[in-house]
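So the chains spell out like this:
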Amino acid sequence: MTRFMESRKYKSGWRWCLFRWTDVDPVGDGKTYLTRFHIFQTPYCSCMVHWLHLADPQPHLHDHPNDFLSVVLKGGYVEAFPASDNSDETIEKTVRRFNLVRATDRHKILSVKPHTITLVFANRVRREWGFWVNGELVKWRDYIKMYRDGSFKS
């Protein structure tokens, strides 16, 4: 397993690739959250197809390392995001066609329609991402370790 419990179908570098498949198991429990097909990836941008299988298993909102546009090709999903910058209250949004996400946007996928497929266009990685716990950003590696140790309750 590599980076955030990704299981690659073959070995290659992760900054540059053409046609790479990965299965993502975000918490290491043997459940594939999404299957990702990188059409291409460079240090500057990437284009991927995501087969979303499950909602986010972690109890906290997360952000991303880059900005991206997700185009729903089939299905859809419901996500939660903060009602305001300083709020723990969340608002739900159903994504049926397009979703533009900035790296600093906090969100969580709550539910996924069966057989949901998205086409994702992402810009360059520009920051380390993580999960938001009590208003503080916890880097993803630390969060996943704490999650697996049982420090966070659903």
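For every chain, the first residue of the written sequence is number 1, and numbering continues from 1 along that sequence. Note on the predicted model: pLDDT of at least 70 is required for a residue's local features to be given, and 80 or more for side-chain atom pairs to be given and counted; whole-chain, interface and lining totals, by contrast, use all residues. Where side-chain values are given, they derive from all heavy atoms of the structure, hydrogens and water being excluded.

Caption draft 1: Looking closely at the layout of surface pockets. What the largest pocket holds in volume is close to 1100 Å³. A 1.4 Å probe that fits into a set of points on a 1 Å grid over the protein atoms alone but cannot get out defines a cavity; an open set with protein on both sides within 12 Å along at least five of seven lines defines a pocket, and lining residues are those with an atom within 4 Å of a point. Surrounding the largest pocket, 45 residues form its lining, Arg36, His64, Pro65, Asn66 and Trp129 being those nearest its centre. Helix and strand assignments come from DSSP, with helices taken as H or I runs of at least 4 residues and strands as E runs of at least 2, each series counted from the N terminus. When residues in the lining of the largest pocket are grouped by element, the largest group, five residues, is from strand β4 (residues 45–52). Ten residue types, Ala, Val, Leu, Ile, Met, Phe, Trp, Tyr, Cys and Pro, are classed as nonpolar, four, Asp, Glu, Lys and Arg, as charged, and the remainder, Gly among them, as polar. Per-class residue counts for the lining of the largest pocket are 21 nonpolar, 14 polar and 10 charged. Grid points are joined across faces, edges and corners, and a volume is the space filled by probe spheres set on the points.

Caption draft 2: Highlighting helix α1 (residues 140–148). Three labels apply to residues, based on accessible area from a 1.4 Å probe with only protein chains included: buried if under 20% of the type maximum, exposed if over 50%, partly exposed otherwise in between. Among the residues making up α1, those that are buried are Trp140, Tyr143, Ile144 and Tyr147. Burial along α1 is one-sided: seen end-on, the buried residues are contained in an arc of 95 degrees. Opposite the buried face of α1, at more than 90 degrees from it, the exposed residues are Arg141 and Lys145. Elements in contact with the buried residues of α1: β12 (130–133) and β13 (136–139). Following α1 by one or two positions, glycine 150 has its phi on the positive side, about 85 degrees. Of all possible arcs, the one meant is that of the directions from the helix axis to the C-beta atoms. Contact between two residues is taken to exist if any of their heavy atoms lie within 4.5 Å; hydrogens are not considered.

Caption draft 3: The sheet that holds β13, seen in detail. Criterion used throughout: strands pair if DSSP finds at least two bridges between them. Overall, antiparallel pairing links the three strands, which are arranged β5-β12-β13 in an open sheet. Both edges of this open sheet fall to β5 (61–62) and β13, since each of them pairs with a single strand only. In this sheet, β13 lies alongside β12 in antiparallel orientation, the contact comprising four bridges. Its bridge partner lying in β13, valine 133 is registered against glutamate 136. Relative to β13, α1 is tilted by about 85 degrees, and along the sheet it contacts β12 and β13. Working convention: axes come from line fits to C-alpha atoms, limited for helices to the stretch in contact. Angles between N-to-C directions cover 0 to 180 degrees.

Caption draft 4: Region of interest: the pairing of strand β11 (residues 116–123). The buried fraction of β11 amounts to six of the eight residues, a majority that puts the element mostly inside the structure. As judged from the eight bridges shared by β4 and β11, these two strands associate in the antiparallel manner. Bridge assignment links tryptophan 51 to a residue of β11, and that residue is isoleucine 117. In the sheet, strand β6 (residues 68–74) pairs with β11 via six bridges, with the strands oriented antiparallel. If you follow valine 72 over to β11, its bridge partner there is threonine 118.

Caption draft 5: Just the packing of aromatic side chains, in detail. Stacked, tilted and edge-to-face are the three classes assigned to paired rings of Phe, Tyr and Trp, where Trp is represented by its six-membered ring and a pair needs centres within 6.5 Å; plane angles under 30 degrees give stacked, over 60 edge-to-face, the rest tilted. Going through the model one piece at a time under the given rule, you end up with eight aromatic pairs. On the numbers, 6.1 Å between centres and 15 degrees between planes, the contact of phenylalanine 19 with phenylalanine 37 is stacked. One end of the pair, phenylalanine 19, is in strand β2 (residues 17–24); the other, phenylalanine 37, is in strand β3 (residues 34–41), and 18 residues separate them in sequence. Aromatic pair phenylalanine 131 and tyrosine 143: ring centres 3.9 Å apart, planes at 15 degrees, arrangement stacked. One end of the pair, phenylalanine 131, is in strand β12; the other, tyrosine 143, is in helix α1, and 12 residues separate them in sequence.

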